[in-house]
Amino acid sequence: MYPDKTKMESLTQAVDAAEVRGRSLWTDARVRFMRNKAAVGGLVVLIGILLFALFGSFFQAWTHEAIDWKLMGRVAQIGGPSIENGHYFGADELGRDLYARVVQGTGISIMVGVVGSIVAVVVGTLYGATAGFFGGRLDNIMMRTVDVLMSIPFMFVLILMLVIWGRSITMLFVGIGLISWLDMARIVRGQTLTIKNKEFVEAAIAVGVSPFRIILRHIVPNLLGIVVVYATLLIPGLIMAESFISFLGLGVQEPMTSLGALIQAGSKQMLYGAWWQIAFPLFFFLATLFAFTFVGDGLRDALDPKDR
Amino acid sequence: MMSAPFLSLQYLQVTFDIRRPGSWPWTPPRKLHAVNGVSLDLAAGECLGIVGESGSGKSTLARAIIGTVPTSGGKILFEGKDLAEMEPGERRAHRRDVQMIFQDPLAALNPRMTVGEIIAEPLVTHFPKTPRAEVKQRVAKLMERVGLLPNLINRYPHEFSGGQCQRIGIARALILEPKLVICDEPVSALDVSVQAQVINLLMELQRDMGLSMIFIAHDLSVVKHISDRIGVMYLGRIMEEGDADRLTTRPEHPYTQALISSVPIPDPKLEKARPREVIVGELPSPMNPPSGCVFRTRCRKAQASCAGERPKMIAIPGEDHKVACPFHEAEALLEVSA
């Protein structure tokens, strides 16, 4: 009736000896994310776009500054997408290769979003966690500072900065970096307030762990889920902001370009029938935004299963 | 009396400031007296039980001893030294010597850390130079000691049951080999069968490691089982304290009597036959406690004089038993089931 005793013993010994690897909450979240088809689809598209932005330039026949003189003045008639002359996406109104320009513009747009988002994650998380954890007067001072910064009309100030210190991409990064962390700091502070009242934080305080280590080891890992989700959803917003600035003609300057600037240029050429000038940048713009949003939604569902 | 008590609380007070939202910063905040003049002694190797209903200040008392809540009056003497006058270095040493076990076993463990990291944290914090292999070895040894398989060291808290989580919490409290362990309702969140296991484990560890212990609970039968002495708290004050057996069998204070008579007896005949004293009404607000004896609003023996002065602790002659009621009388009650 009973199973072979020696076999059972060797089994229990084997079980005892091996250290069991635990399933962390991150592993669980990854499994949940992988089950979400829309999110995985978004991730695939996103990886595709990233590869396009990073390595697309290896396949271009023209650089983004070179002018194809043959097309000059007749872009609307013969400048459409074609494989033969190397303009896969067609050419713009000056005869420059649109493929090379879209590759370059996508890279700039994503970089603006990602850099702004990284600033938001690093500065916003530490700032918000510090304010929330220490509370009291420090919290009041820190968060009122954020309130004041938030009340400044950001777009107006950014435009002024670009006008005063010159229209450069560095200035654009500085401007976007300055404001992107404000919302993050608020979100993180709110989360910290709930986490710091949990017993495991109290246990750490009672043990004598220093406040800085408590923030880094106990509080930040527990709010990272929300931070990651917010950061992913922040990227499209920043790309939009950059595109808006570029659309106004204040952002990235020629011969560099961004998706917003390309769309702006393309929108003028629609009248003359050069549809490709708006279609290709717009396609990459929308695809990037949708992909980031889907990935962000998927991350939220994966990291916060209770909130659904 | 003992010579020098291991831990001595002398008229300890903990007061919280309650600000009404929207009030001016300069308006004086209202005071909430969570712990209001508690004096207790604890001998080395002894287990002191503290009982009382919710909101009576038990947990605040524990937090004041461990130092996460500032005291507003009175003294905590730990091995004869005043906690408030300790140098930072001594305070760190004190943190090593006093550890705490929490009520909610899962909430007290960081969900993003493995069990090994959680148990090792006090060790790594106080002795950062300990070699990793030694840390791991000590964690494994301790896990075995509290009844966990050491190969579960890389698991995460959510993969354990409540009882196992509490064992992890106990292991964390014991890794520094403290002198005093404060258990804040360590079994209230557990099943009855698991409660027994955890309590027996605690008693065993207390005996083997020579720990002093403060055991807080609202379940009198649990406290009686584990404690040498018991203190009964009500609204931030000690109503009665004394030897565990004597206090549970011959309680003197009307509040203790009512508490004990509300412990159910697992025999329906006895349960029906015995007299019941039910405490009516709610716990009064600690922001505005009754004058004199705080229990008088719900006491069956209350008299006009109870509203006057705060009753003194009266020692029962010849016994380790003190009671804060001038009208105390022993009442032989049925044995509390343990």
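Bear in mind that the values here come from a model prediction, so they are computed numbers and not experimental data.

A. Seen up close, the overall build of chain B. When helices and strands are counted, chain B shows 10 helices and 12 strands. Relative to the globule expectation of 20 Å for 338 residues, the C-alpha radius of gyration of chain B, 21 Å, shows essentially globular dimensions. The burial tally for chain B puts 42% of its 338 residues in the buried class. Looking at chain B alone, contacts between residues at least 24 apart form 67% of all its contacts between residues at least 6 apart.

B. Representation of the overall build of chain A within the structure. A count of helical and extended segments in chain A gives 12 helices and 0 strands. Listed by position from the N terminus, the elements making up chain A come as α-α-α-α-α-α-α-α-α-α-α-α. Here the C-alpha radius of gyration of chain A, 26 Å, is well above what a compact globule of 308 residues would show, namely 19 Å. Taken along its principal axes, the extent of the C-alpha atoms in chain A is 85 × 65 × 30 Å. When the 308 residues of chain A are sorted by exposure, 40% land in the buried category.

C. Representation of the pairing of strand β7 (residues 180-184) of chain B. All names here are of chain B. Along β7, 5 of the 5 residues are buried, which leaves the element largely enclosed by surrounding structure. Burial of β7 is two-sided: the residues Leu180, Ile182 and Asp184 facing one way and the residues Val181 and Cys183 facing the other way are all buried. Direction of pairing for strand β6 (residues 98-101) relative to β7: parallel, over a ladder of 4 bridges. Within β7, the residue paired with Met100 across the bridge is Ile182. Note: β7 against strand β8 (residues 212-216), 5 bridges, orientation parallel. Within β8, the position partnered with Cys183 by the bridge is Phe215. Traced from β7 through helix α6 (residues 192-209) to β8, the parallel crossover comes out right-handed.

D. Highlighting the packing of helix α7 (residues 154-164) of chain A against helix α8 (residues 169-195) of chain A. Residues and elements named next belong to chain A. Remark: α7 packs on α8, axes separated minimally by 10 Å, with the N-to-C direction vectors making an angle of 155°. Regarding the angle of α7 to α8, the classification is roughly antiparallel. In this structure, α7 meets α8 at a crossing whose hand is right-handed. Along its contact with α7, which presents Phe154, Leu158, Met161 and Leu162, the element α8 presents Met171, Gly175 and Ile179. Here the contact of α7 with α8 is built from residues that sort into 6 nonpolar, 1 polar and no charged.

E. Fine view of the sheet that holds strand β5 (residues 81-82) of chain B. All names here are of chain B. Across the sheet, which stays open at both edges, the 4 strands sit in the order β2-β1-β4-β5 with antiparallel pairing between neighbours. For this open sheet the edge positions go to β2 (30-42) and β5, each flanked by a neighbour on one side alone. Pairing of strand β4 (residues 73-78) with β5, which is carried by 2 bridges, proceeds in the antiparallel orientation. By the bridge assignment, Phe78 is partnered in β5 with Lys81. Running over the sheet, helix α1 (residues 58-66) touches β1 (7-18), β2 and β4 and is turned about 70° from β2.

F. Quick look at the sheet that holds β7(B). Residue and element names in this part refer to chain B. Spatially, β6-β7-β8-β3-β9-β10-β12-β11 is the arrangement adopted by the 8 strands of the open sheet, whose pairing is mixed. Every interior strand has two partners, whereas the edge strands, β6 and β11 (314-315), have only one. Sheet analysis places strand β3 (residues 47-51) next to β8, joined by 4 bridges and oriented parallel. Bridging from a neighbouring strand, Gly49 pairs with Phe215 of β8. The sheet contacts of helix α5 (residues 162-174) involve β6 and β7, and relative to β6 the element is tilted by about 175°.

G. Main features of the interface of chain A and chain B. Counting from both sides, the interface comprises 23 residues of chain A and, opposite them, 26 residues of chain B. Elements that contribute at least two residues to the side of chain A that touches chain B include exactly α9 (199-207) and α10 (211-247) of chain A. The biggest single contributor to the side of chain A that touches chain B is α9(A), with 8 residues. Here the residues of the side of chain A that touches chain B are counted per class, giving 11 nonpolar, 5 polar and 7 charged.

H. Focus on the confidence of the model for chain B. Averaged over every residue, the pLDDT of chain B is 86; residues scoring 70 or more account for 96%. The secondary-structure element of chain B with the lowest mean pLDDT is helix α10 (residues 268-273) of chain B, recorded at 79, while β8(B) shows the highest, at 93.

I. Structural context of the environment of B:Ala273. When you line up the elements, B:Ala273 lands in helix α10. Measuring from C-alpha to C-alpha, the distance between B:Ala273 and B:Trp24 comes to 58 Å, with 249 residues separating the pair along the chain.

J. Region of the structure containing unusual backbone geometry. Phi is positive for B:Tyr11, which is not a glycine, with a value near 45°. With respect to the helices, strands and loops of the structure, B:Tyr11 is situated in strand β1.

K. Fine view of the nonpolar core. B:Ile119, B:Ile182 and B:Ile214 are the most contacted members of the largest nonpolar core, which has 159 residues in total. Those residues in contact with B:Ile119 that sit more than four places away from it in its chain are B:Val139, B:Leu142, B:Met143, B:Ile168, B:Ala171, B:Arg172 and B:Ile175.

L. View of the packing of α10(A) against helix α12 (residues 276-303) of chain A. All names here are of chain A. At a closest axis distance of 8 Å, the pairing of α10 and α12 adopts a crossing angle of 165°. In this view, α10 runs roughly antiparallel relative to α12, as classed from their interaxial angle. Our pair here, α10 against α12, has a crossing hand that is left-handed. Contacts between α10 and α12 pair Gly225, Val228, Val229, Thr232, Leu233, Ile235, Pro236, Ile239 and Ser243 from the former with Phe285, Thr288, Leu289, Phe292, Thr293, Val295, Gly296, Leu299, Arg300 and Leu303 from the latter. Tallied by class, residues from the contact of α10 with α12 come to 12 nonpolar, 6 polar and 1 charged.

M. Region of the structure containing the environment of A:Phe154. All names here are of chain A. Note that Phe154 resides in helix α7. What makes Phe154 partly exposed here is the crowd of 17 C-beta atoms within 10 Å. For Phe154 and Val228, which are 74 residues apart along the polypeptide, the C-alpha to C-alpha distance reads 24 Å.

N. Representation of α5(B) in the model. All names here are of chain B. Look at α5: 18 Å from first C-alpha to last across 13 residues, which is about the 18 Å you get at 1.5 Å a residue. For α5, a buried count of 12 out of 13 residues is recorded, marking the element as mostly surrounded by other parts of the structure. Listed as buried for α5 are Gly163, Gln164, Cys165, Gln166, Arg167, Ile168, Gly169, Ile170, Ala171, Arg172, Ala173 and Leu174. On the buried face of α5, the contacting elements are β6, α3 (115-126), α4 (132-145), β7 and α6.

About the criteria used
- Residues numbered from 1 in each chain as written.
- Chains lettered and ligands numbered in written order.
- Predicted model: local features only at pLDDT ≥ 70, side-chain atom pairs only at ≥ 80, totals over all residues.
- Helix = DSSP H or I, 4+ residues; strand = E, 2+ residues; numbered from the N terminus.
- Rg over C-alpha atoms; globule rule 2.2 N^0.38 Å.
- Buried ≥ 20, exposed ≤ 12 C-beta atoms within 10 Å, placed from the backbone.
- Contact = placed C-beta atoms within 7 Å.
- Pairing = 2+ DSSP bridges.
- Right-handed = clockwise from strand over helix to strand, strands pointing away.
- Axes fitted to C-alpha atoms, helices over the stretch in contact; angles between N-to-C directions.
- Parallel < 35°, antiparallel > 145°, perpendicular 65-115°, else oblique.
- Left-handed = near helix turned anticlockwise from the far one by under 90°.
- Nonpolar A, V, L, I, M, F, W, Y, C, P; charged D, E, K, R; others polar.
- pLDDT = per-residue confidence, 0-100.
- Core = buried A, V, L, I, M, F, W, Y, C linked by C-beta atoms within 7 Å.
- Expected span 1.5 Å × (residues − 1).

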